[in-house]
Amino acid sequence: PPLEKELAQTRHLLAVLAGKYPSEAEALPACHIDSLHLPRELPVSLPSSLVKQRPDIRAAEELLHAASAQVGVATANLYPQLTLTGSYGTEADAIGSLFGSGTSIFNLGAGLLQPLFRGGELDARRRAALAALDQAAAQYRGTVLQAFQNVADVLRALEADARTLKALTEAAAAAQDAFDLTRRQFQLGAVSYLSLLNAERQYREVRISQVQAQAARFADTAALFQALGGGWWNRGPQPEEPATIRVP
């Protein structure tokens, strides 16, 4: 029952990701792990491309721009503000002579606003804006470093997954041979039924570990695409083409 529950929840998740209701999960095509294949080449973006692709980095960059603009606003408020106004029109006693010569009028005005007696409020606001800018810059740098760490971690995980899967594939083949040999010995009466069951149990356990290693490799491959920001396949050619890494 726990495995059946997990399978049903996974199907519901696949239905939602496909834009369908969970009740339509049974209509999804059957998916077997043996039918899944990793791409032969995984795109590994250059740092500049990674900064352009990841949504969290782009969001942190926009927050940094906004904080910088607030510093400019707080600095401008420290200085006098000069306002120029003007108006132009015509004036006459009768409608017929409204646009005649000598009926034009205009008005010019100017206003000067000088912040006085604010008790250092404007200067304090500017210092607060500078502190917010420092905070946004630190958050941006931390986000970029975290992104690079995500990519490095996933690449290492893929490398370890390849070695693990290779070792478990060899172990599964050896367990299969041992199980076949034990089965032939049982048929000839050389070993007991308990020995046959034990050999089969060992083979099934190794086979389960092999499937789990395959699943982990697929999950880490998806994590790499997520760490790189994704979406580059929907954009046109970029000035800097991403490098590629061969999958072992």
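Given the structure is predicted, the values throughout are model-derived calculations rather than measurements.

Asker: Even after reading the chapter, I still don't get the packing of helix H4 (residues 121-187) against helix H5 (residues 193-227), so can you show me in this structure?
Answerer: A pair of packed helices can be characterised by two numbers: the angle between their axes and the separation between those axes. Relative to each other, H4 and H5 sit at 160°, their axes nearing to 8 Å. Judged on the interaxial angle alone, H5 and H4 are roughly antiparallel. Where H4 crosses over H5, the handedness of that crossing is left-handed. Class assignment of the residues belonging to the contact of H4 with H5 gives a composition of 23 nonpolar, 10 polar and 5 charged.

Asker: How should the nonpolar core be read in this particular structure?
Answerer: Buried together is how nonpolar side chains tend to be arranged in soluble globular proteins. Ala-172, Ala-175, Phe-179, Leu-196, Ala-199, Tyr-203 and Val-206 form the largest nonpolar core, which has 7 residues in total. Elements with a contribution of two residues or more to this core: H4 and H5. Ignoring sequence-local partners within four residues, the contact set of Tyr-203 consists of Ala-172, Ala-175, Gln-176 and Phe-179. Formed by 6 residues, the second largest nonpolar core is a distinct cluster that contains Val-154, Leu-158, Leu-224 and Leu-228.

Asker: For this particular structure, what's the right way to read the side chain of Thr-143?
Answerer: Inspection of the secondary structure assignment puts Thr-143 in helix H4. Judged by relative accessible area, which is 19%, Thr-143 ranks as buried. Among all residues touching Thr-143, those that are not within four sequence positions of it are Asp-56, Ile-57 and Ala-60.

Asker: Which parts of the structure should I look at to understand the side chain of Asp-180?
Answerer: The residue Asp-180 is located in helix H4 in this model. Owing to a relative accessible area of 18%, Asp-180 belongs among the buried residues under this scheme. At 2.7 Å, the side chain of Asp-180 and the side chain of Arg-183 are in polar contact.

Asker: Hey, could you run me through the layout of surface pockets in this one?
Answerer: By rolling a water-sized probe across the atoms, one finds the places where empty space is left. Its volume calculated, the largest pocket comes out at about 980 Å³. In terms of lining residues, the largest pocket is bounded by 19 residues, among which Leu-7, Thr-10, Leu-14, Cys-31 and Ile-33 are the most central. When contributions to the lining of the largest pocket are tallied by element, the ones reaching two or more residues are helix H1 (2-17) and H5. Among the elements that line the lining of the largest pocket, the one with the most residues is H1, at 6 residues. Taken together, the residues of the lining of the largest pocket break down into 13 nonpolar, 3 polar and 3 charged.

Asker: Would you explain the pattern of salt bridges in this entry?
Answerer: Pairing is possible between side chains of opposite charge, provided their charged atoms come close. Inspection of the entire model under this criterion finds 9 salt bridges. Here Asp-180 ties to Arg-183 by a salt bridge, and the two come within 2.7 Å at their closest N and O atoms. Here Asp-180 pairs with Arg-183, and both are found in helix H4, just 3 residues apart, close to one helical turn. Here Arg-183 falls in the partly exposed class, since its relative accessible area comes to 35%. A salt bridge links Glu-205 to Arg-201; its shortest N-O distance comes to 3.0 Å. Within this pair, Glu-205 and its partner Arg-201 are both found in helix H5, separated by 4 residues, close to a single helical turn. You can call Glu-205 partly exposed: its relative accessible area is 43%. Here the residues in one salt-bridge network are Arg-156, Glu-159 and Arg-163, joined through shared partners.

Conventions and cut-offs
Residues numbered from 1 in each chain as written. Predicted model: local features only at pLDDT ≥ 70, side-chain atom pairs only at ≥ 80, totals over all residues. Heavy atoms only, no water. Axes fitted to C-alpha atoms, helices over the stretch in contact; angles between N-to-C directions. Helix = DSSP H or I, 4+ residues; strand = E, 2+ residues; numbered from the N terminus. Parallel < 35°, antiparallel > 145°, perpendicular 65-115°, else oblique. Left-handed = near helix turned anticlockwise from the far one by under 90°. Nonpolar A, V, L, I, M, F, W, Y, C, P; charged D, E, K, R; others polar. Core = buried A, V, L, I, M, F, W, Y, C linked by side-chain atoms within 4.5 Å. Buried < 20%, exposed > 50% of the residue type's maximum accessible area, 1.4 Å probe, protein only. Contact = heavy atoms within 4.5 Å. Polar contact = N/O pair within 3.5 Å; in protein donor to acceptor, adjacent residues only side chain to side chain. 1 Å grid on protein atoms, 1.4 Å probe; cavity = no way out; pocket = protein on both sides within 12 Å on 5 of 7 lines; lining within 4 Å. Points joined across faces, edges and corners; volume = space filled by probe spheres on them. Salt bridge = Lys/Arg side-chain N within 4 Å of Asp/Glu carboxyl O.

None of the figures reported here should be taken as evidence of function without further support.
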